[in-house]
Amino acid sequence: MTDDKQSPSNDVQGLLSRSCVPVDENPEILSLRPEQLSDYIGQAEVVETLRIAIEAAMEREEPIDHVIFHGPPGLGKTTLAHIIANEMGSDLTITSGPALEKGGDLVGILTHLEQGDVLFIDEIHRMPKIVEEFLYPAMEDFAIDFIFDKGVHARSHRYRLKGFTLVGATTRMGLLSAPLRDRFGIFRNLDFYSEKDLVKIARRSAALLKVAIDDEGAIELAKRSRGTPRIVNRLLKRVRDYTQVRSDGVITKDAVNAALSLEGVDEKGLTNLDRRYLRTIIEFYHGGPAGIEAIAATLQEETDTLADVVEPYLLKIGLITRTSSGRKASEAAYQHLGFRVQKKIFS
Ligand code: ADE
């Protein structure tokens, strides 16, 4: 919160990892992100929860309760962490579960936080247990407990931290341990965005990028963005390049169709990976049910990528179903890929 704050040491800086920066965290896309709740489109209930929590905490001159966001990638978890810090007038520190390998990694970050600061931990479910244990007293009592020596000589020392807010993000709420989950005060699930909200986001981003987009162009872009603002913004840039070089610079429905077919994005917004996934279930596993591990092995892809990135949207639009014995392709999936629907006699 203060201007004269020391900058984190080199070690800590490394953990605020930029080594693997998601697409929407590069500085240009960052500028497409809303910075205030009033500019945020969609997720109305999440926005209202945060508005109330922030206003109440500001009145009490306290940090807001710890927040956990759950949902597929690209739906705004990091953006909301930025907004919370902006609205509270505090600084944001960003790290991720896998970047925190040792307890000391987290301690270094926590001890640099100022009163009211926001610490964002992405993929918090991938934080090692040993690091997680430092987080419990930090979240509950704003303290870190150091244990010196062992056995009868063991002594503990409590180091006081400034009051901060932890914002956690996870694609897998089920993988969070109960003690960690229970220390968050605000739980919010981010769902896929409606086409109407994605149209608004496309228009807003186009205006920020100073590129003309007509109504049909915005609708087509929204339809092909898998319910995800990060994808709208990424595809918008591809279509912008296309119209700049191949047409008159205006984003129309035809321009979106032409540019996105080059990208391998079809009319439902499915990518090559989505279609390979569906084809594997249909052709290799006769429509399923097939276990995710088996599908991942056939595709030679990470199971986590399928579970976090591919499946949530296919489930949402009904192209697959999940049963106790595995994933099944729906009739709509057969039709979308141009297969004849197999009627199973015994199933
Ligand atoms: N850009 C990315 N996500 C957004 C959102 N939810 N509202 C406005 N602009 C955005």
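Residues numbered from 1 in each chain as written. Predicted model: local features only at pLDDT ≥ 70, side-chain atom pairs only at ≥ 80, totals over all residues. Heavy atoms only, no water.

Asks: Which parts of the structure should I look at to understand helix α9 (residues 215–223)?
Replies: Each α-helix winds once per 3.6 residues, and so residues spaced three or four apart point in a common direction. Residues of α9 that are buried include every one of Gly217, Ala218, Glu220, Leu221 and Ala222, and no others. Structurally, the start of α9 carries an N-cap: the backbone nitrogen of Glu216 is 3.3 Å from a side-chain oxygen of Asp214. (Buried < 20%, exposed > 50% of the residue type's maximum accessible area, 1.4 Å probe, protein only. Helix = DSSP H or I, 4+ residues; strand = E, 2+ residues; numbered from the N terminus. Polar contact = N/O pair within 3.5 Å; in protein donor to acceptor, adjacent residues only side chain to side chain.)

Asks: In this structure, what is going on with the pattern of salt bridges? I would like to understand it.
Replies: Between side chains of opposite charge, a pair can form when the charged atoms approach closely. Under the criterion given, the structure shown has 22 salt bridges. When the shortest N-O distance is used, the salt bridge between Glu114 and Lys162 registers 3.4 Å. Taken together, the residues Glu114 in the loop between α5 (103–110) and β3 (118–122) and Lys162 in the loop between β5 (155–160) and β6 (165–170) connect sequence positions 48 residues apart. Taking relative accessible area as the criterion, Lys162 reaches 40% and is therefore assigned partly exposed. Beyond isolated ion pairs, a larger network of salt bridges with shared partners links Asp141, Asp145 and Arg158. (Salt bridge = Lys/Arg side-chain N within 4 Å of Asp/Glu carboxyl O.)

Asks: Where do I start with the layout of surface pockets in this structure?
Replies: To find leftover empty space, a probe the size of one water molecule is rolled over the atoms. Taken as a whole, the second largest pocket encloses approximately 330 Å³ of empty space. For the second largest pocket, the lining is made up of 18 residues, of which His70, Thr171, Ala307, Pro312 and Arg322 are closest to its centre. The leading source of residues in the lining of the second largest pocket is helix α14 (residues 303–316), at eight residues. Residue composition of the lining of the second largest pocket, grouped by class: six nonpolar, five polar and seven charged. Shared between two domains, the lining of the second largest pocket takes at least three residues from each, and those domains are domain 1 (2–189) and domain 3 (272–346). (1 Å grid on protein atoms, 1.4 Å probe; cavity = no way out; pocket = protein on both sides within 12 Å on 5 of 7 lines; lining within 4 Å. Points joined across faces, edges and corners; volume = space filled by probe spheres on them. Nonpolar A, V, L, I, M, F, W, Y, C, P; charged D, E, K, R; others polar. Domains from an automatic or database assignment.)

Asks: In this structure, what is going on with the packing of helix α10 (residues 229–246) against helix α11 (residues 253–262)? I would like to understand it.
Replies: Contact geometry for α10 and α11: axes closest at 9 Å, N-to-C directions at 110°. For the element pair α10 / α11, the angle class is roughly perpendicular. Where α10 abuts α11, its residues Leu235, Arg238, Val239, Tyr242 and Thr243 lie against Ala255, Val256, Ala258, Ala259, Leu260 and Leu262. Residues of the contact of α10 with α11, tallied by class, amount to nine nonpolar, one polar and one charged. (Axes fitted to C-alpha atoms, helices over the stretch in contact; angles between N-to-C directions. Parallel < 35°, antiparallel > 145°, perpendicular 65-115°, else oblique. Contact = heavy atoms within 4.5 Å.)

Asks: When you look at the sheet that holds strand β7 (residues 186–189) in this model, what are you seeing that I'm missing?
Replies: Backbone hydrogen bonds hold the strands of a sheet together, and the pairing may be parallel or antiparallel. Taken in spatial order, the five strands make up an open sheet running β2-β3-β6-β1-β7, and their pairing is parallel. Pairing within the sheet leaves two strands with one partner each, and these edge strands are β2 (92–96) and β7. Pairs of neighbouring strands in the sheet enclose a mean axial angle of 15°, with direction left out of account. Of the strand pairs in this sheet, strand β1 (residues 67–70) and β6 are connected by four bridges, and their pairing is parallel. Pairing of Ile68 across the sheet is with Gly168, part of β6. Across the sheet, helix α3 (residues 44–60) lies against β1 and β7, angled at about 160° from β7, the strand it touches most. (Pairing = 2+ DSSP bridges.)

Asks: What is the right way to look at the nonpolar core in this model?
Replies: Across soluble globular proteins, nonpolar side chains show a tendency to be buried alongside one another. Counting residues in each nonpolar core, the largest one holds 72 residues, and the members touching the most others are Leu80, Ile84, Leu221, Tyr277 and Leu278. Excluding its chain neighbours within four sequence positions, the residues that come into contact with Leu278 are Leu270, Leu314, Leu319, Ile320, Ala333 and Leu337. Core analysis: the next-biggest nonpolar cluster, separate from the first, contains 24 residues, Leu100, Ile144, Phe164 and Phe184 among them. (Core = buried A, V, L, I, M, F, W, Y, C linked by side-chain atoms within 4.5 Å.)

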